[in-house]
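# Secondary and tertiary structure notes
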Amino acid sequence: MPISGDSASRRRQTRIRREYLYRKSLEGREKAAYEQKRIIREALASGKKLPTEVRASYDALRKEVDAEDVATETPKSHVDNEYGDAGLLEPRVCVTTSREPSSRLKQFAKEIKVLVPNSTRINRGNNRVDELMDSCKESEFTDVVIVQETRGEPDGLVICHLPLGPTAFFSLKELGPTAFFSLNSTVMRHDLDPPAAPMSEAYPHIILNGFNSELGKRVGNILKCLFPVPRHDTKRVVT
C-alpha cells in the first residue's frame, strides 16, 4: 500500500525528533569522557603521573586523544547542532501574524517580509500554532516569524527555528526618559513623510553588538540565521 505524503512527513518528523533526543541523551557521557581526556592531556603536557581515576581507561582514551584535533577535542551539544548547517543552504523564512490581525499588524508583517530576504508572508487564518508549524515543516521552511500586537499596535515577535527549535520571543520596546516601555506608536516605512525609498533586496551584512554571553551568542544565532550569507561587496547592513 503506498504511503501518503502526510504519513511520510509525520514519520520523518518523528525520526528527527527521536535522533535529537538520542543525541541529547549522549551529552552526559560525552562530557564525562571529555573531562577524562582533558586530565590526560594536561598530565602528558606537564610530564606528571596520571591521576588514579583515569589510569584504568588510559589506553583506550589515549588513542582518541592522539586522533583528535582542535575542532574535535571539545564535545558538541544539542545547542551546537541547532544551526549546524547554517550557511550551507539559504534560509527560507515564513512570516505570519497572530489571529485576526489589525491592518497595522498586517503592514508590519509586510515590513518584516521586506527586511528578511527569502521570506514568504502568509495569512494565518484560523490555524492553530501546531497546525501552522506542521504546515511550515512540510513546506521545508527553516524558520517561522510570528508578529503579535496589543490594542492594534505591533509589540512582539516570535521566532522559531525548524524543525526542533530554538524558539524565542522578542518584545518591541523603546527607551523612554526613565525606563523601557512598550511601543504605542510604531513608525513604519509607509508612515514616513516623505515616503521611504524602496528597500534594497540585497543580502545584508549583520551587525550584532553586545551579544557576548552564552545566552547572547545563542540569541545572536537565532537572529543572524534568518539571513542568508551576503556577498562580500554588498552595501546593505542590518543591525
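I will try to describe carefully the structure that is included in this document.

### Re the overall build of the protein
Within the protein, the regular secondary structure consists of eight helices and nine strands. Counting every position in the protein, which comprises 239 residues, the buried fraction comes to 31%. Put simply, of all contacts in the protein between residues at least 6 apart along the chain, 63% involve residues at least 24 apart. Summed over all atoms, the accessible surface of the protein reaches about 16,100 Å², with 53% contributed by carbon and sulfur.

### What about the environment of P163?
Among the structural elements, P163 can be located in the loop between β4 (153-161) and β5 (167-171). P163 gets classed as partly exposed once you look at its relative accessible area, which sits at 33%. Placed 147 residues apart in sequence, P163 and I16 show a C-alpha to C-alpha distance of 8.3 Å. For P163, the contacting residues outside a window of four places in its chain are Q13, I16 and K137.

### Comments concerning helix α6 (residues 103-115)
Helix length check: α6 (13 residues) gives 19 Å between terminal C-alpha atoms against 18 Å at 1.5 Å per residue, within 8%. Every buried residue belonging to α6 is among L105, F108, A109, E111 and I112, and all of these are buried. Summarising the axial view, the buried residues of α6 lie within an arc of 155 degrees, below the 170-degree limit, and thus occupy one face. Contacts made by the buried residues of α6 are with β1 (93-97), β2 (119-121), β3 (143-150) and β4.

### Observations regarding the sheet that holds β3
Sheet architecture is open: five strands sit in the order β2-β1-β3-β4-β5, paired in mixed fashion. Here the strands that pair on one side only, and so sit at the sheet edges, are β2 and β5. The average undirected angle you get between the axes of adjacent strands in this sheet is 20 degrees. Direction of pairing for β1 relative to β2: parallel, over a ladder of three bridges. Of the residues in β2, the one forming a bridge with C94 is T120.

### Quick notes on unusual backbone geometry
Going from L162 to P163, the amide bond is cis rather than trans, its omega being 10 degrees. For N118, which is not a glycine, the phi torsion comes out positive at approximately 60 degrees. With a phi angle near 55 degrees, R151 is a residue other than glycine that sits in the positive phi range. Checked against the element boundaries, R151 lands in the loop between β3 and β4. Judged by relative accessible area, which is 82%, R151 ranks as exposed.

### Some thoughts on the pattern of salt bridges
Following the criterion strictly, the structure yields five salt bridges and no others. In this structure, R128 engages D130 in a salt bridge whose closest nitrogen and oxygen atoms are separated by 3.1 Å. Given a relative accessible area of 42%, R128 falls into the partly exposed group. Between K217 and E214 there is a salt bridge whose closest N-O contact spans 3.9 Å. Of the two residues, K217 and E214 are both situated in helix α8 (residues 214-224); the distance of three residues between them amounts to about one turn of the helix. The exposure class assigned to E214 is exposed, which follows from its relative accessible area of 63%.

### Quick look at the side chain of D155
Along the chain, D155 turns up in strand β4. Here D155 sits buried without a salt bridge, and the closest side chain of opposite charge, R151, lies 7.4 Å off (N-O distance). At 2.4 Å, the side chain of D155 and the side chain of T150 are in polar contact. What D155 contacts, discounting residues up to four positions off in sequence, is Q148, E149, T150, F170, S171 and L172.

### Description of the nonpolar core
By size, the foremost hydrophobic cluster in this structure holds 22 residues, and its most contacted members are F108, I112, V145, V147, L157 and L226. Those elements that place two or more of their residues in this core are β1, α6, β3, β4, β5 and α8. With four residues, the top contributor of residues to this core is α6. By size, the runner-up hydrophobic cluster in this structure holds 10 residues, among which are C94, C136, F141 and L162.

Reading the values: rules and limits
Residues numbered from 1 in each chain as written. Predicted model: local features only at pLDDT ≥ 70, side-chain atom pairs only at ≥ 80, totals over all residues. Heavy atoms only, no water. Helix = DSSP H or I, 4+ residues; strand = E, 2+ residues; numbered from the N terminus. Buried < 20%, exposed > 50% of the residue type's maximum accessible area, 1.4 Å probe, protein only. Contact = heavy atoms within 4.5 Å. Areas by Shrake-Rupley, 256 points an atom, 1.4 Å probe, with all protein chains shown as cover. Expected span 1.5 Å × (residues − 1). Arc of directions from axis to C-beta. Pairing = 2+ DSSP bridges. Axes fitted to C-alpha atoms, helices over the stretch in contact; angles between N-to-C directions. Salt bridge = Lys/Arg side-chain N within 4 Å of Asp/Glu carboxyl O. Lys, Arg positive; Asp, Glu negative; His and termini not counted. Polar contact = N/O pair within 3.5 Å; in protein donor to acceptor, adjacent residues only side chain to side chain. Core = buried A, V, L, I, M, F, W, Y, C linked by side-chain atoms within 4.5 Å.

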